[in-house]
Amino acid sequence: MSTRKVGGVFSVSGPVVIADNMLGAAMYELVRVGHFNLVGEIIRLEEDRATIQVYEETSGLTVGDPVRCTGQPLSLQLGPGCMGRIYDGIQRPLEKIAEITKDIYIPRGIAANALNDDDKWAFVPLNFKVGDPITGGSIIGEVQENNIILHKIMVKPGVAGKVTMVAPKGSYTINDIVMKTEDGGVVTEHKMQQFWPVRSPRPVNEKLAGDSPLLTGQRVIDALFPSVLGGTCAVPGAFGCGKTVISQALSKYSNSDCIIYVGCGERGNEMAEVLKDFPELTMEVNGKDVSIMLRTTLVANTSNMPVAAREASIYTGITLAEYMRDMGMDASMMADSTSRWAEALREISGRLAEMPADSGYPAYLGARLASFYERSGKAILLGTPERVGSISIVGAVSPPGGDFSDPVCSATLGIVQVFWGLDKKLAQRKHFPSLHWLLSYSKYLRALDPWYEANHPEFPPMRTIIKEILQTEDDLTEIVQLVGKDSLAESDKLILEVAKIIKDDYLQQNGFSDYDRVCPFYKSVWMMTNIVEFYTLARKAIENSTAENKVTTHRIKSTMNDTIYKIVSQKFQLPTSGEDVLVAHFKALNQEIKDGFHAFEG
Ligand SMILES: Nc1ncnc2c1ncn2[C@@H]1O[C@H](COP(=O)(O)OP(=O)(O)OP(=O)(O)O)[C@@H](O)[C@H]1O
Ligand SMILES: [Mg+2]
């Protein structure tokens, strides 16, 4: 990257550097600061003075040190080879840096390309021949990046004209020219890689409403508070409530085509855990087990890395997700945690002496969060062939003390459609995932109705029953505390019993066990079917019982002890046994429940 010297350092305050003699520099232009070539971005320009946020440690910078402009905004290098990588907040590949430096620390000012220049990729041209008209975003070829990812090579949005050259099928590096186009006499060369500024959303043709579920393998989420592919979700929770475990489970098991996991300002050991766990996990593709790391890119910006880069890491993550979406994939981005990003905004804003709003956060906090979440969604993409892709965003929020009225939390809640509220009390009781069923909500239920109608028509009414039971149980608990359990009506006693089953044996799911680390949706549906079957039949039996043949909850419990035991142990069925085996088991249990209640009749 060529640089031209313009200005010099005027003052340094933590990550914020003010430089003068900066005439000619542009907003959000990338600059290299000082003799170490620290990476920074211009965030304010006043006359010839520029305010720069520096993404690296600034100690040692002195007044008068040179500041060089690069003439480019902070951009990502996108192309084959970006999956399965670990980047820092400004897309420097960490493995490569480790190789170059043989050190555990990232030296300041180091530059390394995000993609490997010499790797050869088997390029297969598609869709276009010489003379064809072409528009931005069109797919011109593909590269099998790894066993999972078929990387579509696209021309950049904004391109127009006629194709004048297409490279034949063959092996190319990302710097080789694979297509030339001509528009009004201007010839443009296209490579397999492209650069895209992180702060501008990649354009799409038309945004659509999401209509198929983001299945996560977590029962409480899939069954009660589902999101759609292309949805926005927030996971707020106090420390230790399981935010990280949920975002990791999502990246491991959700039905997305690719995952961008941004560790933003969280502890380094969590990132280390991701690095250790992910490569060991596999998924089956064409009968072969392949590592899920192949569909994952990690952006690591841990708590000991410079704060200014947290913001960059969020933008890097979402831009990568947009690039993958543009290929027609369902991408998911996890950001753990957006609160750390907000803290970075607060720190920078404080140093810029801006007027603080709520709790010292800048007044534009809500707008920044919104502009990030707005980059999610399902969309018809640019160019030919016509295709649809989506980005789902799951953002963890760590409000201090688990107080959901914290500014970051409330700003996020105004934006997202799904709220998975983690409850400290549940976490303390070791009820995981600690999603509170009365607090959490999803606004996508209606959007998903057609999908359920087509795939599991029996499911929505059952979900309503389950939610009613949980709500009634909450009301009853207060009464029980006042007057004791014995004074309740039989039907209410039944509700308490069933609610206990739902909470302990359905919603609770140990993320570290073989049988429950992932729960396929059919299993969630069948487990719910049997619980609801038991409840409705028991309720009927109680309501229809006569004075001579009185059916009580207690009586049902003692006569159907074995069956109830089977209902509460449904989750121990191993998904690895296969759908047929599991469904046969659940069907047999369903029959057993029906037979059990026959005995009470007459
Ligand atoms: N689904 C789960 N199954 C079993 N245990 C869980 C589950 N979720 C969380 N835990 C337990 O809770 C602990 C804390 O979870 P986690 O690290 O995700 O919390 P966190 O909300 O990210 O906390 P922090 O705010 O400190 O980052 C985990 O180490 C694990 O022992
Ligand atoms: Mg965490």
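Only a predicted model underlies this, so the values are computations on that prediction, with no experimental measurement involved.

**Observations concerning the packing of aromatic side chains**
Under the counting rule described, the total for this entry stands at 14 aromatic pairs. Taken together, a centroid distance of 5.7 Å and an interplanar angle of 85 degrees make the contact between Trp341 and Phe372 edge-to-face. Highlighted residues: Trp341 in helix H6 (residues 338-351) and Phe372 in helix H7 (residues 365-373), separated in sequence by 31 residues. Within the aromatic cluster, the residues linked to one another by ring pairs are Tyr315, Trp341, Phe372 and Tyr373.

**So, the sheet that holds strand E9 (residues 121-125)**
Sheet architecture is open: four strands sit in the order E12-E11-E9-E14, paired in antiparallel fashion. Each edge of the open sheet carries a strand with a single partner, namely strand E12 (150-154) and strand E14 (170-172). When the angles between neighbouring strand axes are averaged without regard to direction, this sheet yields 40 degrees.

**Focus: the pattern of salt bridges**
Scanning the entire structure with this criterion turns up 25 salt bridges. Ionic pairing is found between Glu266 and Arg340, a salt bridge with its closest N-O pair at 3.0 Å. Placement of the pair is Glu266 in the loop between strand E22 (258-264) and helix H4 (268-280) and Arg340 in helix H6, with a sequence separation of 74 residues. Residue classification places Arg340 among the buried residues on the basis of a relative accessible area of 18%. A salt bridge links Glu490 to Lys493, with the shortest nitrogen-to-oxygen separation between them at 3.4 Å. Pair noted here: Glu490 and Lys493 are both in helix H12 (residues 490-507), with a separation of three residues, about one helical turn. Relative accessible area serves as the criterion here: at 22%, Lys493 is assigned to the partly exposed category. Via salt bridges that share partners, Glu41, Arg199, Glu311 and Arg368 belong to a single interconnected network.

**Remarks on unusual backbone geometry**
In this chain, Thr384 is followed by Pro385 through a cis amide linkage whose omega measures -10 degrees. Residue position: Pro385 is located in the loop between strand E27 (377-380) and strand E28 (388-397). Cis peptide bonds are those with omega within 30 degrees of zero, and the linkage from Phe432 to Pro433 qualifies with -10 degrees. Of note, the phi angle at Ala353 is positive, near 60 degrees, even though the residue is not glycine. The exposure class of Ala353 is exposed, given its relative accessible area of 67%.

**Some remarks on the domain arrangement of the chain**
Partitioning the chain into structural domains gives domain 1 (4-73), domain 2 (121-192), domain 3 (206-443) and domain 4 (459-601). The C-alpha-based centres of domain 1 and domain 3 are spaced at 31 Å. At the interface, 13 residues of domain 1 touch 12 residues of domain 3. Across the domain 1/domain 3 interface, buried area totals approximately 910 Å², and carbon plus sulfur atoms make up 63% of it. The interface formed by domain 1 and domain 3 holds one salt bridge in total. Between Glu354 and Arg44 there is a salt bridge, and its shortest N-O distance comes to 3.9 Å. Counting the contacts that link domain 1 with domain 3 gives two residue pairs in polar contact (both at pLDDT 80 or more). Among the elements of the structure, strand E4 (38-46) and strand E5 (49-54) are those that each provide at least two residues to the side of domain 1 that touches domain 3. With three residues, E5 is the largest single contributor of residues to the side of domain 1 that touches domain 3. A breakdown of the residues in the side of domain 1 that touches domain 3 according to their chemical character gives six nonpolar, four polar and three charged.

**Overview of the packing of H6 against H7**
Axis separation between H6 and H7 bottoms out at 11 Å; the angle between their running directions is 135 degrees. Between H6 and H7, the crossing angle belongs to the class labelled oblique. The chirality of how H6 crosses H7 is right-handed. Along the contact surface, H6 presents Thr338, Trp341, Ala342 and Leu345, while H7 presents Leu365, Arg368, Leu369, Phe372 and Tyr373.

**Focus: the sheet that holds strand E16 (residues 186-191)**
Think of a sheet as strands paired side by side through backbone hydrogen bonds, with each pair either parallel or antiparallel. With respect to topology, four strands assemble into an open sheet ordered E10-E13-E15-E16, the strand pairing being antiparallel. With partners counted over all chains shown, the strands left at the sheet margins are strand E10 (133-135) and E16, one partner each. Direction aside, neighbouring strands of the sheet carry axes that sit 45 degrees apart on average. In the sheet, strand E13 (residues 160-166) pairs with strand E15 (residues 177-183) via four bridges, with the strands oriented antiparallel. Residue Met165 lies in a different strand from E15, and its bridge partner there is Lys180.

**Re the packing of helix H11 (residues 459-483) against helix H13 (residues 521-544)**
Where H11 meets H13, the axes come as close as 10 Å, and the angle between the chain directions of the two elements is 60 degrees. Classified by the angle their axes make, H11 and H13 are oblique. Classified by chirality, the crossing of H13 by H11 is left-handed. Across the interface between the two elements, Phe459, Met462, Arg463, Ile465, Ile466 and Ile469 from H11 touch Phe521, Val525, Met528, Thr529, Val532 and Tyr535 from H13. The class makeup of the residues in the contact of H11 with H13 is 10 nonpolar, one polar and one charged.

**Thoughts on the nonpolar core**
If you look at soluble globular proteins, the nonpolar side chains tend to sit buried side by side. In terms of nonpolar packing, the biggest core is built from 78 residues, with Trp420, Ile502, Met528, Phe534, Ile556 and Phe597 touching the most fellow members. Sorting elements by how many residues they give to this core places H13 first, with 14 residues. A domain split of this core shows at least three residues from each of domain 3 (206-443) and domain 4 (459-601). If sequence neighbours within four positions are ignored, Ile556 has contacts with Phe534, Ala538, Ile542, Val551, Asn561, Ile564, Phe597 and Phe600. Grouped together as the second largest cluster of nonpolar side chains are 74 residues, Leu30, Trp121, Ala312 and Met324 included.

Rules used in this analysis
Residues numbered from 1 in each chain as written. Chains lettered and ligands numbered in written order. Predicted model: local features only at pLDDT ≥ 70, side-chain atom pairs only at ≥ 80, totals over all residues. Heavy atoms only, no water. Phe/Tyr/Trp six-rings, centres within 6.5 Å; stacked < 30°, edge-to-face > 60°. Helix = DSSP H or I, 4+ residues; strand = E, 2+ residues; numbered from the N terminus. Pairing = 2+ DSSP bridges. Axes fitted to C-alpha atoms, helices over the stretch in contact; angles between N-to-C directions. Salt bridge = Lys/Arg side-chain N within 4 Å of Asp/Glu carboxyl O. Buried < 20%, exposed > 50% of the residue type's maximum accessible area, 1.4 Å probe, protein only. Domains from an automatic or database assignment. Contact = heavy atoms within 4.5 Å. Buried area = accessible area lost by both parts, 1.4 Å probe. Polar contact = N/O pair within 3.5 Å; in protein donor to acceptor, adjacent residues only side chain to side chain. Nonpolar A, V, L, I, M, F, W, Y, C, P; charged D, E, K, R; others polar. Parallel < 35°, antiparallel > 145°, perpendicular 65-115°, else oblique. Left-handed = near helix turned anticlockwise from the far one by under 90°. Core = buried A, V, L, I, M, F, W, Y, C linked by side-chain atoms within 4.5 Å.

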